[in-house]
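# Report on the structure
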Amino acid sequence: MLLGLMVTGPAWSATGRGRLAISPPWQMFSAVGRSHCRLELTDSAGQPVDRYGPYDAVGWWDAPEEVTWISTPEHARALAHSLCPSTETSTVELTLQCPAPSGWGPAMHESVTCSISPGG
Amino acid sequence: MGARDARERHLQHLTGWLNRVGPTEGASLLRIALALIAWAQVGDRLSLAHARDGWDVVLAIAFYCASSCMLVGWRGRLAAGATGLALVAIYHHFGEVHGIEALHRHQSWLLASTVLCLSLSPCHQHLSLDRRRQPLPLDGNLWGLRLIALQLSVVYLFGAIDKTNPAFLSGARLEQIFAEHYFGAALPEWLSYVSAPVSVGITIFEYVLAIGLWVPRLRRPLMMLGITMHACFFLLLPVSTFSILSVVLYLAYLEPVSVSIVCASFGINARFGGVDRSGLLRAAGGTSLGRGEGTSACAPPASAQR
């Protein structure tokens, strides 16, 4: 019986129905990638804004961490503000989606006016 | 009365299936591989330089003593049991109590439970100091290997069940995982086209692996595909030892005679174990491997044979 629990116990834990002393819950893929959002940045004409160039980066692989990974709306707004000097439009449009239990959460659309400096 | 007979017949069938007797080279190979994987998985964290309390020191010393004996096969079966218990204790102590996530993942439990299962089979009979010290039988009860295979199937099955939800099947979870490890917030457009089919494919394939690895006709192609899948995981994602552990555990599904034949074809038996498998090779049509005669030529003195 002990062996049966050992072999099949993780299944019980994996379904999230309970917790056995001999077979604590496993951490499979459920915890990975839950903290980073996806962010699209466009100018007022709908053209993508280059988020890496102003930071002397070619792509995500050599960009600063604060440019590559976005976790909160505030973080996304700050990045949009920081890109204003390199764009020729008055606003930067951002579309932010963060992880939710069902996949991606609802998209948040916002216009960042470039006349306001990042510090407010 | 009829129902009782049927129940007893089923029980006998199950017991017979579980209590398979056969060559134990596969168990011995698993013993060595699992000891090395255990070092790779928990070795760094168990360095005494990281010890925070007395239990850390005790567990580290116990683990390294037991796993070293397991690796070289000195009291190999006992050492495997001790290593398995040490791994369970490490899982609880470091993972649960200290909250070290790296030692609390599913592969940590999988490793601990498979090492414990391995100790139920004679994994010390080949490639071991035990065999050098005394003549040992060539065959043994391999029910531990059955349990290991069952364990891996359970992992595949519930890994697939864990993924059977809209978040994963829509591809969103895969995108989030790749966002975390590669692209960050700027996900490329092509990822949205491939993530959903790949997610569905992985989930279906894990269901198929959970069952199909038990079907002899499907075993070889599924193992090839499974190894490819795990190689991709290993290459693309920080899955630690999970991929190599899963692939190594495929040994538990293989027919013991087949493993023995392959070992013989590499001359492993003759060199380390003092075993003449020429009879076995002939019985299993081993000449098709083209190396049976070589094994026979390497056969040790009769005194070392059973």
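Details of the structure are given in the entry above.
Residues numbered from 1 in each chain as written. Chains lettered and ligands numbered in written order. Predicted model: local features only at pLDDT ≥ 70, side-chain atom pairs only at ≥ 80, totals over all residues.

### Topic: the sheet that holds strand 2 (residues 91–97) of chain A
Residue and element names in this part refer to chain A. Quick note on the threshold: Think of it this way: DSSP has to see at least two bridges between two strands before they count as a pair. Strands here are runs of E lasting at least two residues and helices are runs of H or I lasting at least four, both read from the DSSP assignment and numbered beginning at the N terminus. To define axes, lines are fitted to C-alpha atoms, for helices over the stretch in contact only, and angles between the resulting N-to-C directions are given on a 0 to 180 degree scale. Contacts here follow a simple rule: the backbone-placed C-beta atoms of the two residues must lie within 7 Å.
Judged by pairing direction, the sheet is antiparallel, and its 3 strands sit side by side in the order 1-2-5 without closing on themselves. Across the chains shown, the open sheet's two edge strands, defined by having one partner strand only, are strand 1 (38–43) and strand 5 (108–113). Between one strand axis and the next, the sheet turns by 20 degrees as a mean value, whatever way the strands run. As judged from the 6 bridges shared by strand 1 and strand 2, these two strands associate in the antiparallel manner. Residue pairing in the sheet places Thr42 in a bridge with Glu93 of strand 2. In the packing of helix 3 (residues 73–83) onto the sheet, the strands contacted are strand 1, strand 2 and strand 5, and the crossing angle to strand 2 comes to about 155 degrees.

### Quick look at the environment of Arg34 of chain A
Inclusion rule: Here a residue counts as buried when 20 or more other C-beta atoms sit within 10 Å of its C-beta, as exposed when there are 12 or fewer, and as partly exposed otherwise, the C-beta atoms being derived from the backbone.
Within the secondary structure, Arg34 of chain A sits in the loop between helix 1 (2–14) and strand 1. Among the residues examined, Arg34 of chain A registers 14 C-beta atoms within 10 Å and is labelled partly exposed. Each C-alpha atom, one on Arg34 of chain A and one on Trp104 of chain A, is 9.8 Å from the other, the two residues being 70 residues apart in sequence. With residues near it in sequence (within four places) discarded, Arg34 of chain A still touches Pro99 of chain A together with Gln176 of chain B.

### Quick word on the environment of Arg173 of chain B
Along the chain, Arg173 of chain B turns up in helix 9 (residues 172–183). Sequence separation between Arg173 of chain B and Phe234 of chain B is 61 residues; the distance between their C-alpha atoms is 18 Å.

Function cannot be inferred from these measures alone, as they are strictly geometric.
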